[in-house]
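Given next are the chains, with one letter for each unit.
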Amino acid sequence: MVKICCIGAGYVGGPTMAVIALKCPEIQVAVVDISVPRISAWNSDTLPIYEPGLDEVVKKCRGKNLFFSSDVEKHVSEADIVFVSVNTPTKTQGLGAGKAADLTYWESAARMIADVSKSNKIVVEKSTVPVKTAEAIEKILTHNSKGINFQILSNPEFLAEGTAIQDLFEPDRVLIGGRETPEGQKAIKALRDVYGHWVPMDRIICTNLWSAELSKLAANAFLAQRISSVNAMSALCEATGADVSQVSHAVGKDTRIGPKFLNASVGFGGSCFQKDILNLVYICECNGLPEVANYWKQVIKVNDYQKTRFVNRIVSSMFNTVSGKKIAILGFAFKKDTGDTRETPAIDVCKGLLGDKAMLSIYDPQVSEEQIQRDLSMNKFDWDHPVHLQPTSPSSMKQVSVVWDAYAATKDAHGICILTEWDEFKTLDYQKIYDNMQKPAFVFDGRNIVDVAKLREIGFIVYSIGKPLDEWLKDMPAVA
Ligand code: UDX
Ligand code: ADP
């Protein structure tokens, strides 16, 4: 029986291994993590991450051929294939600080694999890593190998949160990079056979190691660039009276461009886009390509501009001050259908409003109060360290309250900011909300989900990203 072990039971490792276990009943899959609470949660009825469809998959396989354990060394030593899916935060100190990936967790995982291994293994990079990490890992393993043969593969994961299970069931492609030696090709085939249980062979792309590593960074950079492009257009739409949704629709009809990923928003978030682009920028700089580095840097700059622009719109619309005013924040997760807040634009928007002394009342259907408080007090790159290494949650900030219902959040508020596109925000009783708010009542829709005309009819002053401006807003200075 083939045994797989995955180091790191996070957003990538957990769902990916659960689907491998479901699709390959004859393979035994163990997911291990240094975080004991995280493993206990995977073994409980309340999984540590919220992902539609995940519960069912885990329930079907857990205890049969899917196991979650904190006994990292035992499962690694027994495995034929070891996936590494640990954190790769951005470095905060030393060479490349603020840009380069911090490979501390990766390196310690690699050294541990070398230490405990007694048989040959295929080691698979699953976390996104800088190009040529595989080479570094290969060196660590072979220099500590005690005669054991390690084959390194790069198998980047392209799943998006909120649709992880569907993405894993029907991936656009599976990418496997390996050495061009006979041993390397044999390892590629072994991993291809695992995915071959449910993924058509023509969707499994095999490349060399570096192409696989770079493809992941490139794919995320291209996706983020699309959002920054449409967000840049949204600013121009507001200035000229065009409607960004109409522009996106018209542009997306071109089959060479395509309709997906063209929704203007308050900015992109998530654990990957910014981190991977910073990484790409650093690699370009290290390779003497400053023009290429600056090109990609601009994608992040536009994203930051979009968040600042949104905050400025709010403050300037509300008579240039939000000091002491209650602002309802609807949605805190970086997108709908996830409880994940890593790099969510809500953090920057809330911090901007707090800087102007607003009183925030926050509601998100999946994010806990503790998480929100921690996010609003955390330093820039601390979010990507395991929870046990993050600062403990501070005592509640006075300006922030977290409530469990959109109606409570908006009661007596001066304004509402929609920061995540949760479906439930589309069907709220906005008349009831309006009646319970201070007047004039404002809605700032950072996701373009509300019916602007209907809300204006009720009496709201509405700002919706990239849409023709409310008469009220036209007279207000807004640009960052
Ligand atoms: C992304 C990639 O899609 C995935 O392939 C990779 O493996 C990991 O990074 P994820 O971060 O989970 O996945 O979410 P994604 O759906 O890509 O959204 C990222 C951010 O962009 C979110 O904040 C989302 O709200 C925003 N977004 C997305 C927009 O603002 N507009 C869009 O049109 C699409
Ligand atoms: P991702 O979104 O890439 O899955 P997460 O932060 O959700 O990232 O998950 C990474 C997991 O890896 C965390 O649960 C963390 O505790 C775990 N981890 C980090 N280093 C190690 C290690 N050396 N051994 C085992 N688990 C580790």
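An unreviewed UniProt entry lists the protein under the name UDP-glucose 6-dehydrogenase, from Gossypium aridum. The UniProt entry for the protein carries this comment under Sequence similarities (unreviewed entry): "Belongs to the UDP-glucose/GDP-mannose dehydrogenase family." You can read under Pathway (unreviewed entry) in the UniProt record for the protein the words "Nucleotide-sugar biosynthesis; UDP-alpha-D-glucuronate biosynthesis; UDP-alpha-D-glucuronate from UDP-alpha-D-glucose: step 1/1."

Asks: What should I look at first to understand the overall build of the protein in this one?
Replies: Looking only at helices and strands, the protein has 18 helices and 14 strands in total. Over its C-alpha atoms the protein spans a radius of gyration of 24 Å, differing by no more than 12% from the 23 Å that the globule rule assigns to 480 residues. Dimensions of the protein along its principal axes, counting C-alpha atoms only, are 75 × 45 × 45 Å. Residues classed as buried in the protein amount to 54% of the 480 residues present. Within the protein, contacts between residues separated by at least 24 positions form 76% of all contacts whose residues are at least 6 apart in sequence.

Asks: Got a minute to help me understand the pairing of strand S4 (residues 81-84) in this structure?
Replies: For a regular strand, the rule is simple: side chains alternate between the two faces of the sheet. The two faces of S4 match: Ile 81 and Phe 83 on one face and Val 82 and Val 84 on the other face are all buried. Judged from the 4 bridges that link them, strand S1 (residues 3-7) and S4 form a sheet pairing that is parallel. Bridge pairing links Cys 5 to Val 82 in S4. Sheet topology note: the S4/strand S5 (residues 121-125) ladder contains 4 bridges and is parallel. Among the inter-strand pairings, Phe 83 is bridged to a residue of S5, identified as Val 124.

Asks: What should I look at first to understand the sheet that holds strand S14 (residues 461-464) in this one?
Replies: Strand order in the open sheet made by the 6 strands is S11-S10-S9-S12-S13-S14, with parallel pairing throughout. Unpaired on one side and paired on the other, strand S11 (400-402) and S14 mark the two borders of the sheet. Neighbour-to-neighbour, the strand axes of this sheet turn through a mean angle of 15 degrees, independent of strand direction. The strands touched by helix H13 (residues 345-355) are strand S9 (326-330), strand S10 (359-363), S11 and strand S12 (415-418); relative to S10, the strand with the most contacts, the crossing angle is about 155 degrees.

Asks: Is there a simple way to explain the site of ligand 2 in this structure?
Replies: Around ligand 2, the surrounding shell holds 15 residues, and the nearest of these are Tyr 11, Val 12, Asp 33, Arg 38 and Arg 342. Ile 34 is positioned such that a nitrogen or oxygen atom in its backbone is 3.3 Å from a nitrogen atom of ligand 2. A distance of 3.0 Å separates an oxygen atom of ligand 2 from a polar side-chain atom of Arg 342. For ligand 2, the protein covers 91% of the area, taking 580 Å² as the surface of the free molecule. Looking at side-chain class alone, the shell around ligand 2 contains 7 nonpolar, 5 polar and 3 charged residues.

Asks: Looking at this structure, how should I read the domain arrangement of the protein?
Replies: For the protein, the assigned domains read domain 1 (3-199) and domain 2 (221-474). The distance between the C-alpha centroids of domain 1 and domain 2 comes to 32 Å. Between domain 1 and domain 2, the contact holds 23 residues from the first and 24 residues from the second. Interface area, domain 1 with domain 2, both sides summed: about 2,000 Å², of which 55% is carbon and sulfur. Of all residues in domain 1, Tyr 50, Lys 99 and Glu 161 give up the largest surface area on contact with domain 2, accounting jointly for 31% of the area buried on that side. Applying the counting criterion to the domain 1 and domain 2 interface returns 2 salt bridges. For Lys 99, the salt bridge is made with Glu 285, and the minimal N-O distance between the two is 2.8 Å. Among the residues making up the side of domain 1 that touches domain 2, the classes are represented as 12 nonpolar, 8 polar and 3 charged.

Asks: Which parts of the structure should I look at to understand unusual backbone geometry?
Replies: With the exception of glycine, the majority of residues adopt a negative phi angle, and the majority of peptide bonds are in the trans configuration. Backbone torsion omega between Lys 439 and Pro 440 reads -5 degrees, so that peptide bond is classified as cis. Summarising the element assignment, Pro 440 is placed in the loop between helix H16 (430-435) and strand S13 (442-445). Of note in this structure, Lys 357 is not a glycine but carries a positive phi near 65 degrees. Secondary-structure assignment places Lys 357 in the loop between H13 and S10. The phi angle at Asn 448 is positive, at roughly 50 degrees, despite the residue not being glycine. Residue position: Asn 448 is located in the loop between S13 and helix H17 (452-458).

Asks: Got a minute to help me understand the pattern of salt bridges in this structure?
Replies: Close approach of charged atoms allows side chains with opposite charge to pair. According to the stated counting rule, one finds 23 salt bridges in the structure shown. A salt bridge links Glu 238 to Arg 309, with the shortest nitrogen-to-oxygen separation between them at 2.7 Å. Taken together, the residues Glu 238 in helix H9 (residues 209-240) and Arg 309 in helix H12 (residues 290-317) connect sequence positions 71 residues apart. We classify Arg 309 as buried; its relative accessible area is 4%. A salt bridge links Arg 456 to Asp 470; the shortest N-O distance between them is 2.9 Å. Here Arg 456, found in helix H17, pairs with Asp 470, found in the loop between S14 and helix H18 (471-474); they are 14 residues apart in sequence, far enough to count as distant. The buried category is assigned to Asp 470, whose relative accessible area is 11%. Each of Lys 3, Lys 74 and Glu 78 takes part in a single network of salt bridges with overlapping partners.

Asks: Can you help me understand helix H1 (residues 13-23) in this one?
Replies: Of all 11 residues in H1, 9 are buried; the element is thus mostly enclosed. Residues Gly 13, Gly 14, Pro 15, Thr 16, Met 17, Ala 18, Val 19, Ile 20 and Ala 21 constitute the buried set of H1.

Asks: Hey, could you run me through the packing of helix H11 (residues 273-286) against H12 in this one?
Replies: Packed helices, taken two at a time, are described by the angle their axes make and the gap between the axes. Orientation of H11 relative to H12, taken along the N-to-C sense of each, is 165 degrees, at an axis distance of 8 Å. As judged from the angle between their axes, H11 and H12 are roughly antiparallel. For the pair H11 and H12, the crossing hand works out as left-handed. Touching Gln 274, Ile 277, Leu 278, Leu 280, Val 281, Cys 284 and Glu 285 of H11 are Val 292, Ala 293, Trp 296, Lys 297, Val 299 and Ile 300, all from H12.

Asks: How do you make sense of the site of ligand 1 when you look at a structure like this?
Replies: Around ligand 1, the surrounding shell holds 20 residues, and the nearest of these are Phe 158, Glu 161, Ser 265, Lys 335 and Arg 447. Taking Glu 161, its main chain carries an N or O atom lying 2.7 Å from an oxygen atom of ligand 1. Gly 269 places a main-chain nitrogen or oxygen 2.9 Å from an oxygen atom of ligand 1. About the coverage of ligand 1: the protein hides 91% of its 660 Å² of free accessible area. The element best represented in the shell around ligand 1 is H9, accounting for 4 residues. The class makeup of the residues in the shell around ligand 1 is 11 nonpolar, 4 polar and 5 charged. For the shell around ligand 1, the domains that each give at least three residues are domain 1 (3-199) and domain 2 (221-474).

Reading the values: the criteria
- Residues numbered from 1 in each chain as written.
- Chains lettered and ligands numbered in written order.
- Predicted model: local features only at pLDDT ≥ 70, side-chain atom pairs only at ≥ 80, totals over all residues.
- Heavy atoms only, no water.
- UniProt positions renumbered as here; feature names shortened; annotations may be inferred.
- Helix = DSSP H or I, 4+ residues; strand = E, 2+ residues; numbered from the N terminus.
- Rg over C-alpha atoms; globule rule 2.2 N^0.38 Å.
- Buried < 20%, exposed > 50% of the residue type's maximum accessible area, 1.4 Å probe, protein only.
- Contact = heavy atoms within 4.5 Å.
- Pairing = 2+ DSSP bridges.
- Axes fitted to C-alpha atoms, helices over the stretch in contact; angles between N-to-C directions.
- Near = heavy atom within 4 Å.
- Polar contact = N/O pair within 3.5 Å; in protein donor to acceptor, adjacent residues only side chain to side chain.
- Areas by Shrake-Rupley, 256 points an atom, 1.4 Å probe, with all protein chains shown as cover.
- Nonpolar A, V, L, I, M, F, W, Y, C, P; charged D, E, K, R; others polar.
- Domains from an automatic or database assignment.
- Buried area = accessible area lost by both parts, 1.4 Å probe.
- Salt bridge = Lys/Arg side-chain N within 4 Å of Asp/Glu carboxyl O.
- Parallel < 35°, antiparallel > 145°, perpendicular 65-115°, else oblique.
- Left-handed = near helix turned anticlockwise from the far one by under 90°.

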